[in-house]
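Listed here are the chains, written in short residue letters.
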Amino acid sequence: MLDVEIRHGRALATDHLPAPVRRRLADLDRLHEVWSARRRHQPGDTVAEGRDALLRRHVRELRAAAAAPADPARERAEADALIATAAVWRAGERLTADYLGGLARSLPDLDPPVPGAPDTGAVLAAAAAVEAHPVVRAAHLLLTGAEELRRAERAAPAADRPAGPEPLLRPLPWALATLSLMRSGYPPLALDHRLAGPQRTGPAADPFVRAVGLITDMAAAAMRAGLSRPAKSTGPAPPRPTSLAVALHRRLLDHLRDRSDSLRMVFREIEPEARIAVAAGTADSAATREQCDAAAQRVLVTPGPGCWWASIDVDLDGGMLRLLVSVHDVGAPPSGVLAVTADAWLTTDDGAADVLDPACTDCVTLLPTDCAGERWPQVEAFADDAVARAVGHLTAALR
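All of the points below concern the structure found in this document. (Residues numbered from 1 in each chain as written. Predicted model: local features only at pLDDT ≥ 70, side-chain atom pairs only at ≥ 80, totals over all residues. Heavy atoms only, no water.)

## Let's talk about the pairing of strand 7 (residues 351-354)
Pairing geometry for strand 6 (residues 338-348) and strand 7, over 4 bridges, is antiparallel. From the neighbouring strand, W345 faces strand 7, where its bridge partner is D354. Connecting the antiparallel pair strand 6 and strand 7 is a turn made up of 2 residues. (Pairing = 2+ DSSP bridges. Helix = DSSP H or I, 4+ residues; strand = E, 2+ residues; numbered from the N terminus.)

Okay, structure coming up:
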């Protein structure tokens, strides 16, 4: 759907977005088709359980991102309020200025709360009504909600201005984004507090483009979670993309071998006895299966029977690094979707640490209709980033 309208200085047509973001949106659209088809075969209580779990995660992760103090009772109350609001939105409540103004005033805020503005409802209603791709509209609502909170802050007397989290880390903007997507037939967003850090947001990226990309990744994570839930045994089972997994696995192994050659030259300048080894296999051993499954679960995937992995192991006097890049079946029974994940542990005299600390969005999602050659650049970039980050932690530990 094309829309040439510009709101708040943002061009809302998808063809105004950078090419990499458009490709991610196109991938998400294809994933949405697979997710929607599987959801039709899932029991109603399974769908509701998954939706409510994502909404509770939404509240928990946003509170963590905003560095809100731990308060389990308040967290439960905020999640209950968001779940109740989501039920109203799904029932088809008209998104009028009065309704959205009331939502802005009633949705639980973080301390100290931001005072409301009298015309906020009208501004939000206009943002909710734009014709655009659901993810683009959600990003527009996210930023509009944050802008409204900033406007309300500026309008308040200096003594009454809140000193709490910045507007973009408050509940209203994210609730608007996730509820907007749910109204368009998407799952709630899978928020992750790790995405609030400067290393994730980037210093100079356009805020709207960044929001579209971030919501795209969060929606994909939520769909992976939904695909991981079992479906009724009605209709033909989805095809398992084993040949795609095997082809990617072979490319990953070759790529990590190439990377290990350059790492070997670098580390042997530091330590002549440095040992760098590359291995690959399927997750048959208990130890490797445990590491593969843990990596899958961090990106909200219930791992299926297939897991193809390749690893780099770096062994130095000052520390040992093990990096595992894996291709997983998503769901048990498998949904037909694959997920590429990375997991890295650094062991030093101080103990073992997870040096990647991945967010739930740190994953490449592949569909059965994908071609290994077409998707390899994305998988290669993902693997390179994991190697660079893991080796960076190792070199820092050696200083």
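Still more to cover.
## Notes on helix 12 (residues 372-398)
Residue pairs spaced three or four apart in an α-helix point in one direction, given the helix's 3.6 residues per turn. Counted at 1.5 Å a residue, the expected span for helix 12 with its 27 residues is 39 Å, and the 37 Å between its end C-alpha atoms agrees. Maximum bend of helix 12: about 30 degrees, positioned at Q378. Every buried residue of helix 12 is accounted for by A372, R375, W376, V379, F382, A383, A386, V387, A390, V391 and L394. Buried residues along helix 12 sit against helix 1 (19-40), helix 10 (242-270), strand 4 (303-316), strand 5 (319-330), strand 6 and strand 8 (364-366). (Expected span 1.5 Å × (residues − 1). Bend = angle between axes of the 7 residues up to and from the residue. Buried < 20%, exposed > 50% of the residue type's maximum accessible area, 1.4 Å probe, protein only. Contact = heavy atoms within 4.5 Å.)

## Considerations on the packing of aromatic side chains
What the rule picks out here adds up to 1 aromatic pair. Centroid distance W89 to Y99: 6.5 Å. Interplanar angle 55 degrees. Geometry classified as tilted. Residue W89 is located in helix 3 (residues 72-90), and its partner Y99 is located in helix 4 (residues 97-106); the two are separated by 10 residues in the primary sequence. Y99 matches W89 in its accessibility class, with the two residues each being buried. The ring of W309 has R322 lying over it, and the distance from NZ or CZ to the ring centre is 5.7 Å. (Phe/Tyr/Trp six-rings, centres within 6.5 Å; stacked < 30°, edge-to-face > 60°. Lys NZ or Arg CZ within 6 Å of the ring centre and 35° of its normal.)

## Section: the packing of helix 7 (residues 171-183) against helix 9 (residues 207-228)
Taken N-terminus to C-terminus, the directions of helix 7 and helix 9 make an angle of 55 degrees; their axes are 12 Å apart at the nearest point. The angle between the axes of helix 7 and helix 9 places the two elements in the oblique class. Seen from above, helix 7 lies across helix 9 with right-handed handedness. Only L214, I215 and M218 of helix 9 make contact with helix 7, whose side of the interface consists of W174, A177 and L181. Of the residues assigned to the contact of helix 7 with helix 9, the class counts are 6 nonpolar, no polar and no charged. (Axes fitted to C-alpha atoms, helices over the stretch in contact; angles between N-to-C directions. Parallel < 35°, antiparallel > 145°, perpendicular 65-115°, else oblique. Left-handed = near helix turned anticlockwise from the far one by under 90°. Nonpolar A, V, L, I, M, F, W, Y, C, P; charged D, E, K, R; others polar.)

## Here's the deal with empty space enclosed by the protein
Following the criterion strictly, the structure yields 1 cavity of 30 Å³ or more and no others. Of the voids in this model, the largest cavity is the one considered here, and its volume is about 120 Å³. Contributing to the lining of the largest cavity are H58, V59, L62, R63, E78, L82, L107, P108, L110, P171 and A175. Secondary structure elements with two or more residues in the lining of the largest cavity: helix 2 (44-65), helix 3 and helix 7. Per-element accounting of the lining of the largest cavity gives the leading share, 4 residues, to helix 2. (1 Å grid on protein atoms, 1.4 Å probe; cavity = no way out; pocket = protein on both sides within 12 Å on 5 of 7 lines; lining within 4 Å. Points joined across faces, edges and corners; volume = space filled by probe spheres on them.)

## Quick look at unusual backbone geometry
Going from D111 to P112, the amide bond is cis rather than trans, its omega being -15 degrees. Positionally, P112 belongs in the loop between helix 4 and helix 5 (120-128). Positive phi, close to 55 degrees, is recorded for A67, a residue that is not glycine. In this structure, A67 sits in the loop between helix 2 and helix 3.

## Quick look at a nonpolar patch on the surface
Side chains of V266, I270 and L398 sit close together on the surface and give an oily, nonpolar patch of about 250 Å² of accessible area. You can call L398 partly exposed: its relative accessible area is 30%. (Patch = residues over 30% accessible without salt bridge, like charges linked within 9 Å, V, L, I, M, F, W, Y side chains within 5 Å. Areas by Shrake-Rupley, 256 points an atom, 1.4 Å probe, with all protein chains shown as cover. Salt bridge = Lys/Arg side-chain N within 4 Å of Asp/Glu carboxyl O.)

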